[in-house]
There are 2 protein chains.
Amino acid sequence: MNSLKELITKVKKNDFTLGVVGMGRVGLPLALVFANAGVKVIGFDQNKNCVNKIKHSIAPFSEAGMEELLGSKNFEPVFCGNSLAKIKACDIYIVCVGTPLTASYHIDYGQLFSALDIILQSPLKGKLVILRSTVPPGTLEERVLPFIEAKTGLKAGVDFGAASCPERMLEGHAIEEIVKLPEIIGGFNAISGDIAVELFKKINHGKKILRTTSKSAELSKLYANMYRYVNFALANEFALLAEDFGQDGTEIINIVNYEYPRGGIPRPGLVGGPCLTKDGYFLLSNTAFPDLILLASRLNEFMPQHVVNRLRLKMAEKGKVFHALKVGLLGTAFKGGSDDERYSPSVKIAELLESENVVVVRHDPHVKGTESFQKAVKDADVVIVATNHPEFADILPRIHKLRKKGSNCIIFDCWDMLDKKTAEKYGFDYMKLGSK
Amino acid sequence: MNSLKELITKVKKNDFTLGVVGMGRVGLPLALVFANAGVKVIGFDQNKNCVNKIKHSIAPFSEAGMEELLGSKNFEPVFCGNSLAKIKACDIYIVCVGTPLTASYHIDYGQLFSALDIILQSPLKGKLVILRSTVPPGTLEERVLPFIEAKTGLKAGVDFGAASCPERMLEGHAIEEIVKLPEIIGGFNAISGDIAVELFKKINHGKKILRTTSKSAELSKLYANMYRYVNFALANEFALLAEDFGQDGTEIINIVNYEYPRGGIPRPGLVGGPCLTKDGYFLLSNTAFPDLILLASRLNEFMPQHVVNRLRLKMAEKGKVFHALKVGLLGTAFKGGSDDERYSPSVKIAELLESENVVVVRHDPHVKGTESFQKAVKDADVVIVATNHPEFADILPRIHKLRKKGSNCIIFDCWDMLDKKTAEKYGFDYMKLGSK
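If you're wondering where the values come from, they're calculated on a predicted model, not measured in any experiment.

(A) Local environment of the overall build of chain A. The helix and strand tally for chain A stands at 16 helices and 13 strands. For 436 residues, the compact-globule estimate of 2.2 N^0.38 gives 22 Å, and the C-alpha radius of gyration of chain A, at 24 Å, lies within 12% of that figure. Seen through its C-alpha atoms, chain A measures out along the principal axes to roughly 80 × 45 × 40 Å. Here chain A holds 436 residues, and the buried ones make up 51% of them. Of the contacts made within chain A by residues no fewer than 6 positions apart, 72% connect residues no fewer than 24 positions apart.

(B) A look at the packing of helix H1 (residues 3-12) of chain A against helix H8 (residues 190-201) of chain A. Residue and element names in this part refer to chain A. Their axes nearest at 9 Å, the elements H1 and H8 cross at an angle of 10°. As summarised for this structure, H1 and H8 are arranged roughly parallel, according to the angle between their axes. Seen from H1, the contacting residues are Leu4, Leu7, Ile8, Val11 and Lys12; seen from H8, they are Ile191, Asp194, Ile195, Glu198 and Leu199. Considering only residue class, the contact of H1 with H8 consists of 7 nonpolar, no polar and 3 charged.

(C) Region of interest: the pairing of strand E4 (residues 92-95) of chain A. Residue and element names in this part refer to chain A. Of the two faces of E4, the one carrying Ile92 and Ile94 and the one carrying Tyr93 and Val95 are both buried. Pairing between strand E1 (residues 17-21) and E4: 4 bridges, direction parallel. Its bridge partner lying in E4, glycine 19 is registered against tyrosine 93. Two elements, E4 and strand E5 (residues 128-131), share 4 bridges in a ladder whose sense is parallel.

(D) Highlighting the relation of the copies chain A and chain B. By a simple turn and slide, chain A fits onto chain B: the slide is 0.0 Å along the axis, the RMSD is 0.0 Å, and the turn is 180°. Given the turn and translation reported, the copies of this chain are related as if by a two-fold rotation axis. Closest approach to the rotation axis within chain A is made by the C-alpha atom of A:Leu292, at a distance of 3.4 Å. Looking at the interface residues of chain A, 100% of them are also at the interface in chain B, so both copies use one shared face.

Reading the values: the criteria
Residues numbered from 1 in each chain as written. Chains lettered and ligands numbered in written order. Predicted model: local features only at pLDDT ≥ 70, side-chain atom pairs only at ≥ 80, totals over all residues. Helix = DSSP H or I, 4+ residues; strand = E, 2+ residues; numbered from the N terminus. Rg over C-alpha atoms; globule rule 2.2 N^0.38 Å. Buried ≥ 20, exposed ≤ 12 C-beta atoms within 10 Å, placed from the backbone. Contact = placed C-beta atoms within 7 Å. Axes fitted to C-alpha atoms, helices over the stretch in contact; angles between N-to-C directions. Parallel < 35°, antiparallel > 145°, perpendicular 65-115°, else oblique. Nonpolar A, V, L, I, M, F, W, Y, C, P; charged D, E, K, R; others polar. Pairing = 2+ DSSP bridges. Least-squares fit on C-alpha atoms with pLDDT ≥ 70 in both.

Below you can see the structure in the form of structure tokens.
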């Protein structure tokens, strides 16, 4: 008797328990969406503090619409250290742990193998393992399955099922996108894929399903992110070219895109965050064609240094001492509207400045523990708009009002968010990325 | 009295003559659209044969909707060699000559300076010169205007007007797009821009006008083309990666794009043509950030060699002698639906094969002088679908029918146009770009 066939029947009847391993920005929203759709979900995490917060319906990070879903009766958060019975109770596991880069830019599979060790505490026969973390292509077939088979003696696709179903939602819109986006399902074999399809249909019966191989599913996530990353790099290359030619890069990009069928160039700016920054390394971890993506990475990762370089030149022009500056940094999250500082280019700007003895006062309305807006701007020599939070659109009069020294200060706008003329009216010296 | 002010009045009243210099793929459609809108147009060209063809209402190249406009009573084609009176008669000149690359990849300004010499046979005072050719940024201000000022003693912006209004239509859709697309107008000064605006409004009163500096106008054209070129390169990088991972690149790209708000990855394929190929060099002719674009160029220009390399490996696998092959090349134009072979990657494939003694029979339904379909495929060892002409979508049964040897033949599909299963049903050995 094929126990995977039993599993598919159980999923169809909603007579099963889903285990989501990893309660981070990928796992928690996914677990809550499943619970909200009527699936019994247990969420596992190694961080006791995080599990406790979730138990008390406190969101450990911000995500639109997530708070309302915490406290669902179908959802139980569990600390991994003491959870054997709960592990046993699950029929399907979705692995949503982090796959960070090490300091030497190699992929750290530590959390992934820990997650598998936790799952393998209880017999896997007749169950399904889904890999949702972003991983180098081939990870399910070449790393996860050999690891499980060696530890258990079970055979993938026969004794237990396996599939790659990559996460690809936009942070901040996770809840909405998990429900709405087509689901890419890369089953290790047909029955594995069939079970995964039934599972994801629970979220939204009309959800579009795109079936492929597990390797292609893993690649698809990386292609999507690299497409964005390379285009941001190109926009940044255009911005640097415009600076060189003494023109305004964002203005030119707006002109190109305006009612043009072949437009769509993104705006230049600081690019970062955990996905775009590291996914290139995933894609290129074992291949011969790394050029375009690695180069995009070099360009994007250089942008914070470029901001610092332009400030240094500006200070030299003014005859001021660079390392005696005080800088107010507006925004530390890696993108507008987010509270996520991982791989943030804004933080990189702060670190680069601090490494040259510049005093940096960081303010981010979304990030707890940063300084107040007032403290950041009131006596700064330079104010850098580093993250494109919508709250920063109207800061010029606010900065003007708060300053004891008057408006004698440089505003460096990394996102073309402020109006040059207005800034100059207030007496600020306005600089922006993509225009000298 | 300001004679440029007089010119603007004349343009408003449609009491002026427009000279279009260069009757190629940019100039001729533009001249005809103006004439069709009621403007008196003289079209100049150095190629007597081309001028004669146009005089007899024969289109020298194919462009949708163009033939109907030839023979307009407002349009007069003139051979440059004998045209002083006609030159004199013009109030505004639009320069639409070619700016090709030399064999050593430098820009050849020869045609541009010849065009200026022709214009300067008659006094330029009170007239306007518009640069429409694609040029390196700064060409109007740093090359064209100093040349004119030195030759005439006139002052740009005062004695005569000047503007950069880059062409940016899609070949094959020129007529439609000249009317519809927003016009980018980079006046050397305000009055120059004002006259150019009045001029282009004649084409379509509702035409959107985007005004900027002449340098930004020149940059905008290059940004638009490089945006496409780099994205084609990225799609090609994805295709090569998929081949490496043993997956199907176009399938993955389709999956990523399907109902995905951050999709839009182009299909991989052969990239070429006069614009995309050379514009990168224009953009980078005097700048310090050439990396991403030059690399894209390296990748795109390598694709024909990649096709040849895969064929060579395939022959080695089969134990066949590569240089004894006969190849039927389907498509020689640089893109589907076009008859333009300039910088065509399909031609490059043919040349690479021929350089290794392979016999290549070229067929293109749009390009005069190429062989028949039958001749190309009937006894070929390999048929390469090199250009994505829509006519090639249903060739499998046609090839099958025509072959004396039966279907024992490799089909190499550079555009994922054909169905692998159908090809195999006919007994062909099917290969495609982006999947091994």
